[in-house]
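Overview (structure and organization)
One-letter residues, chain by chain:
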Amino acid sequence: MDWELAACRDHDPELFFPVGTEGPAAEQLTAAKFICGTCPLQAACLRWALDTGQEAGVWGGTSEEDRRDMRRARLSGRSLPVSA
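Residues numbered from 1 in each chain as written. Predicted model: local features only at pLDDT ≥ 70, side-chain atom pairs only at ≥ 80, totals over all residues. Heavy atoms only, no water.

Here we look at the UniProt feature "domain: 4Fe-4S Wbl-type" (unreviewed entry) in the chain
For the record, the criterion: UniProt positions are given in the numbering used here, feature names are shortened, and annotations may be inferred rather than shown by experiment. Going along the chain from the N terminus, every DSSP run of H or I of four or more residues is numbered as a helix, and every run of E of two or more is numbered as a strand.
Under the UniProt annotation, "domain: 4Fe-4S Wbl-type" (unreviewed entry) lies at residues 7-69. When the span residues 7-69 is considered, its composition is 49% helix and 0% strand, and the gap between its end C-alpha atoms is 25 Å.

Comments concerning the pattern of salt bridges
Should their charged atoms come close, side chains of opposite charge can pair. Definition in use: Each salt bridge in this description consists of a side-chain nitrogen of Lys or Arg and a carboxyl oxygen of Asp or Glu lying within 4 Å of one another. The cut-offs for exposure are 20% and 50% of the maximum accessible area for each residue type, with area from a 1.4 Å probe on protein chains only; residues under the lower value are buried, those over the upper are exposed, and the others partly exposed.
Tallying each qualifying case throughout the model produces 2 salt bridges. In this structure, Lys33 engages Asp66 in a salt bridge whose closest nitrogen and oxygen atoms are separated by 2.9 Å. Placement of the pair is Lys33 in helix H1 (residues 24-37) and Asp66 in helix H3 (residues 64-76), with a sequence separation of 33 residues. The class of Asp66 is partly exposed, set by a relative accessible area of 25%. Two residues, Asp69 and Arg72, come together in a salt bridge whose shortest N-O distance is 2.7 Å. Highlighted residues: Asp69 and Arg72, both in helix H3, separated by 3 residues, approximately one helical turn.

Re the nonpolar core
Put simply, the rule reads: As used in this record, nonpolar core signifies buried Ala, Val, Leu, Ile, Met, Phe, Trp, Tyr and Cys residues forming a set joined through side-chain atoms within 4.5 Å. Throughout, a residue-residue contact means that at least one pair of heavy atoms, one from each residue, lies within 4.5 Å.
If you look at the biggest cluster of nonpolar residues, it comprises 10 residues: Ala6, Ala7, Leu15, Phe16, Ala32, Ile35, Cys36, Cys39, Leu41 and Val58. Setting aside residues up to four positions removed in sequence, Ala32 forms contacts with Leu15, Phe16 and Val58.

Details of H3
Residues separated by three or four positions in an α-helix point in the same direction, a consequence of the helix having 3.6 residues per turn. Using the following cut-off: The span expected for a helix works out to 1.5 Å for each residue beyond the first. Arc definition: it is the arc formed by the directions from the helix axis to the C-beta atoms.
An ideal rise of 1.5 Å per residue puts 18 Å on 13 residues; H3 measures up with 18 Å between its terminal C-alpha atoms. Taken together, the buried positions of H3 are occupied by Arg67, Met70 and Ala73. Projected down its long axis, H3 carries its buried residues within an arc of 120 degrees, all on one side. In the core, the buried residues of H3 are packed alongside helix H2 (42-52). Of the residues flanking the end of H3, it is Gly77, one or two places downstream, whose phi is positive at about 90 degrees.

Okay, here's the thing in structure tokens:
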């Protein structure tokens, strides 16, 4: 995959790793997800994060909690969309 096309590439990597879920971290999460929403590689990034077990940070427009929910759904046999 050509990660050079990733929208996140021109932003501070720390933006995609908020500490916490409230206050400034919530704003950071919203900003990171917005950037992901503009990325042509969003779906591929999310698949990679799920396949490699990325537990921290924003990947493919999803938070840590979003991906935990997706993994639980996979394990229970339910299907949640992988692309956002």
